[in-house]
Amino acid sequence: MSDKQIALETAAFLDSDAARPWSGRRADAKRVIERFVDACYRGVGKAPWELDGEDVRSVLIEQLPARFGKSDELARITPELLEAYYDHLSTARVVTQSFEIRQALAAHAGEFEQVVKSGRLANLAVKADDPFVHKAEKVGRNDPCSCGSGKKFKKCHGKDA
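Residues numbered from 1 in each chain as written. Predicted model: local features only at pLDDT ≥ 70, side-chain atom pairs only at ≥ 80, totals over all residues. Heavy atoms only, no water.

Caption draft 1: View of the overall build of the protein chain. Within the protein chain one finds 5 helices and 0 strands. When the helices and strands of the protein chain are placed in sequence order, the string is α-α-α-α-α. The C-alpha radius of gyration of the protein chain comes to 23 Å, more than 25% above the 15 Å expected for a compact globule of 161 residues. In terms of overall dimensions, the protein chain has a C-alpha envelope of 70 × 35 × 30 Å along the principal axes. The burial tally for the protein chain puts 40% of its 161 residues in the buried class. Taking contacts inside the protein chain between residues at least 6 apart in sequence as the whole, the part at least 24 apart equals 64%. Summed over all atoms, the accessible surface of the protein chain reaches about 9800 Å², with 49% contributed by carbon and sulfur. In the protein chain, which carries 26 positive and 25 negative side-chain charges, the distance between the mean positions of the two groups comes to 10 Å. (Helix = DSSP H or I, 4+ residues; strand = E, 2+ residues; numbered from the N terminus. Rg over C-alpha atoms; globule rule 2.2 N^0.38 Å. Buried < 20%, exposed > 50% of the residue type's maximum accessible area, 1.4 Å probe, protein only. Contact = heavy atoms within 4.5 Å. Areas by Shrake-Rupley, 256 points an atom, 1.4 Å probe, with all protein chains shown as cover. Lys, Arg positive; Asp, Glu negative; His and termini not counted. Charge placed at Lys NZ, Arg CZ, Asp CG, Glu CD.)

Caption draft 2: Structural detail: helix 3 (residues 53-63). Here helix 3 lies mainly inside the structure; 8 of its 11 residues are buried. Of all the residues in helix 3, the buried ones are Gly53, Asp55, Val56, Ser58, Val59, Leu60, Ile61 and Gln63. At its buried positions, helix 3 is contacted by helix 2 (26-44), helix 4 (74-92) and helix 5 (98-118). Between the side-chain oxygen of the N-cap and the backbone nitrogen of Glu54 there are 3.1 Å, and the N-cap of helix 3 in question is Asp52. (Polar contact = N/O pair within 3.5 Å; in protein donor to acceptor, adjacent residues only side chain to side chain.)

Caption draft 3: View of the pattern of salt bridges. In the structure shown here, the tally under the stated rule is 15 salt bridges. The shortest N-O distance in the salt bridge between Asp15 and Arg26 comes to 3.3 Å. Here Asp15, found in the loop between helix 1 (3-14) and helix 2, pairs with Arg26, found in helix 2; they are 11 residues apart in sequence, far enough to count as distant. Of the residues examined, Asp15 reaches a relative accessible area of 57% and is grouped as exposed. What makes Arg26 partly exposed here is its relative accessible area of 41%. Asp87 is the partner of Arg102 in a salt bridge, and the nearest nitrogen-oxygen pair spans 2.8 Å. (Salt bridge = Lys/Arg side-chain N within 4 Å of Asp/Glu carboxyl O.)

Caption draft 4: Highlighting the environment of Ala27. As for its position among the elements, Ala27 is in helix 2. Overall, the relative accessible area of 46% leaves Ala27 in the partly exposed class. For the pair Ala27 and Leu14, spaced 13 residues apart in the sequence, the C-alpha separation amounts to 9.7 Å.

Limitation: the analysis is restricted to geometry and does not speak to function.
Written as structure tokens, this is what we have:
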């Protein structure tokens, strides 16, 4: 999942009716939802609307706290914001496990806050790797083969390509 897609999904929430109560804390809401969406995609490998109860537990207890600092103040508003986010998703998308997701959010909200307060996973989130860029020059079909045989690449090692 690209940072661009995470930003688009966050912006869709912030522009929705479900985010209106958070208009005074828009920057905080943006940071929390970006962290949550990132934890879903990079941590669990699913879109937020595709999660089930066990995935929500994994995100809240293992993935999301790693994106907060020790005793981060945003952890207190996170459960409420996630409820609002799922209110938005239920109107914008089909959330097949909506009941299960909401039950898991309520059941694990306190544990999420305790993990953030303890700081045992603070700032351990896996960062997206930069894509590998191969620095070698390409060999053209009619260039001499790089093995040193003296033949054209297409007649030597490029024959099977």
